[in-house]
Each structure stands twice: as structure tokens, then as C-alpha cells.
Amino acid sequence: MGKKQKEWQDDAYVLKLFDNKRSTARRRYKIFIHKGIQAGKRPELTGGGLIRSSGGWFVIKSLRRANIHFKSDERVLGDSDFVERVLKAADESLERKYQLKSQGYDIDKLADRVAEIFTIKSEEIFQPGKQPVKVKARSLFCYWAVRELGFTMSDLAPKLHISQPAVSMSARRGERIASENGYSLMDE
């Protein structure tokens, strides 16, 4: 927020996070910075990935010479065990999506499965309405579409004629419905 504007500084963007009025935003930003300074250094917010958290390149090289390897991924901050768990969960999720797609699961087949569970016509899932059975069916549909098939909430919103936040709320509700009733996408 100095006098000289740097190309890499987008102070307007940062200030808008605090308020639309520039003077109010600056005041709130200053308070935010002071609170951060008072909080001091927080270990959970510092670090530099595997190399830094392991003690630097010297330690990494000596571990490699001893044939000890760490699992790392620049997209995931954390120790080797944590990175391993995250990547394993992501891999399992990806395998599940491929399995479902190979069995022909798409929006239409998903709608058919949900309609079968709630004994309604699959078209009803895509029609507006707040009837309890429709809401439950749409919620379960959103949950499985997002979690199982990997559709984005933004993709689903226009298909269902609802907003993206409504898809998000429906998916959360759908997760509860699936869990409480033991529903499974594939009729196992």
C-alpha cells in the first residue's frame, strides 16, 4: 500500500476483500495486519513442503543415499504419511468414477437410479418443485452426481434450474439421505 505501484501488487483486489469503500477497507486491513502480528508465528501456517520440513536438501540427499524415500506432491503440504493418504484417497475416488463411467453411469442413468429409489419419473428430478419426495430425490441426485461421478455444482445448476449454492445444499442433504437410508448408487 505504498506510494509506488508495483506490477505484482494488486492492492485494489486485496482491499475489496475488506470492504468496497477504500478508506474503510484500509482501516480494516490495518487492523487485520496488527492482529496477525500480535498472533505471532504460527507453525501450522509456515513451512515449505517436504524439503524444508525434512531439514533441507542435505537431509533429503542423505536419506536417498540410504534408500529411504518420501512421498511428496507439490500440490499437497504435509509429511510423507499425510501426502500418501491424500493421494490414495484421490486415487480411490478416481478409480470409482472410472468404474461408474465404464458401467454407463451418466446424468440420465443416475436420474433413473434415483427415480427408481423414490418411485418417481426421472424427469421429475429436473423439474422445479418443493414436494418432499422431489427435494429428497434431487438432493440424492446432486450428492451422487458431485461425489460419485465428479460433476461440478456449476454444471448441475442449469440442468436442475437451481442456483449453484442450492446444488451445494442439496448435495449435503443428499449425503445425509444416502447415509441414513443406506442408499448406494450401484445396486450392489
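Let me sum up the structure you'll find in this document. (Residues numbered from 1 in each chain as written. Predicted model: local features only at pLDDT ≥ 70, side-chain atom pairs only at ≥ 80, totals over all residues. Heavy atoms only, no water.)

## Digging into the overall build of the chain
Here is step 1 of the chain: When its secondary structure is counted, the chain shows nine helices and zero strands.
Here is step 2 of the chain: When the helices and strands of the chain are listed from N to C terminus, the series reads α-α-α-α-α-α-α-α-α.
Here is step 3 of the chain: Split into buried and exposed, the 188 residues of the chain put 28% on the buried side.
Here is step 4 of the chain: Sequence separation of 24 or more characterises 45% of the internal contacts of the chain that already satisfy a separation of 6 or more.
Here is step 5 of the chain: Counting every atom, the chain has about 13,600 Å² of accessible surface; 53% of that belongs to carbon and sulfur. (Helix = DSSP H or I, 4+ residues; strand = E, 2+ residues; numbered from the N terminus. Buried < 20%, exposed > 50% of the residue type's maximum accessible area, 1.4 Å probe, protein only. Contact = heavy atoms within 4.5 Å. Areas by Shrake-Rupley, 256 points an atom, 1.4 Å probe, with all protein chains shown as cover.)

## Observations regarding the pattern of salt bridges
Here is step 1 of the chain: By the definition in use, this model includes four salt bridges.
Here is step 2 of the chain: Across the pair Asp 11 and Arg 22 runs a salt bridge, and its minimum N-O distance is 3.0 Å. With Asp 11 in helix H1 (residues 11-16) and Arg 22 in helix H2 (residues 22-39), this residue pair connects regions lying eleven residues apart in the sequence.
Here is step 3 of the chain: By relative accessible area, Arg 22 is classed as partly exposed at 41%.
Here is step 4 of the chain: Salt-bridge contacts for Arg 147 lead to Glu 175; the nearest nitrogen and oxygen are separated by 3.3 Å. Pair noted here: Arg 147 is in helix H7 (residues 132-147) and Glu 175 is in helix H9 (residues 164-181), with a separation of 28 residues, a long-range link. (Salt bridge = Lys/Arg side-chain N within 4 Å of Asp/Glu carboxyl O.)

## Focus on the environment of Phe 118
Here is step 1 of the chain: Secondary-structure assignment places Phe 118 in helix H6 (residues 107-118).
Here is step 2 of the chain: Its relative accessible area of 11% is what places Phe 118 among the buried residues.
Here is step 3 of the chain: Between the alpha carbons of Phe 118 and Ala 137 there is a distance of 6.5 Å; along the sequence they are 19 residues apart.
Here is step 4 of the chain: When sequence neighbours within four positions are dropped, the list of residues in contact with Phe 118 reads Val 133, Lys 136, Ala 137, Leu 140, Ile 177 and Tyr 183.

## Things to note about a nonpolar patch on the surface
Here is step 1 of the chain: Where nonpolar side chains cluster on the molecular surface, the patch consists of Tyr 13, Val 14 and Leu 17 and spans about 320 Å² of accessible area.
Here is step 2 of the chain: Counting through the fold element by element, Val 14 comes out in helix H1. (Patch = residues over 30% accessible without salt bridge, like charges linked within 9 Å, V, L, I, M, F, W, Y side chains within 5 Å.)

## Some thoughts on a negative patch on the surface
Here is step 1 of the chain: There is a patch of like negative charges on the surface, built from Asp 106, Asp 108, Asp 112 and Glu 123.
Here is step 2 of the chain: The residue Glu 123 is located in the loop between H6 and H7 in this model. (Lys, Arg positive; Asp, Glu negative; His and termini not counted. Charge placed at Lys NZ, Arg CZ, Asp CG, Glu CD.)

## Notes on the packing of H6 against H7
Here is step 1 of the chain: Running from N to C, H6 and H7 point in directions that differ by 140 degrees, and their axes come no closer than 10 Å. It follows from the interaxial angle that H6 and H7 lie oblique. Crossing hand, H6 versus H7: right-handed. Only Val 133, Lys 136, Ala 137, Leu 140, Phe 141, Trp 144 and Ala 145 of H7 make contact with H6, whose side of the interface consists of Ile 107, Leu 110, Ala 111, Arg 113, Val 114, Ile 117 and Phe 118.
Here is step 2 of the chain: Here the contact of H6 with H7 is built from residues that sort into twelve nonpolar, no polar and two charged. (Axes fitted to C-alpha atoms, helices over the stretch in contact; angles between N-to-C directions. Parallel < 35°, antiparallel > 145°, perpendicular 65-115°, else oblique. Left-handed = near helix turned anticlockwise from the far one by under 90°. Nonpolar A, V, L, I, M, F, W, Y, C, P; charged D, E, K, R; others polar.)

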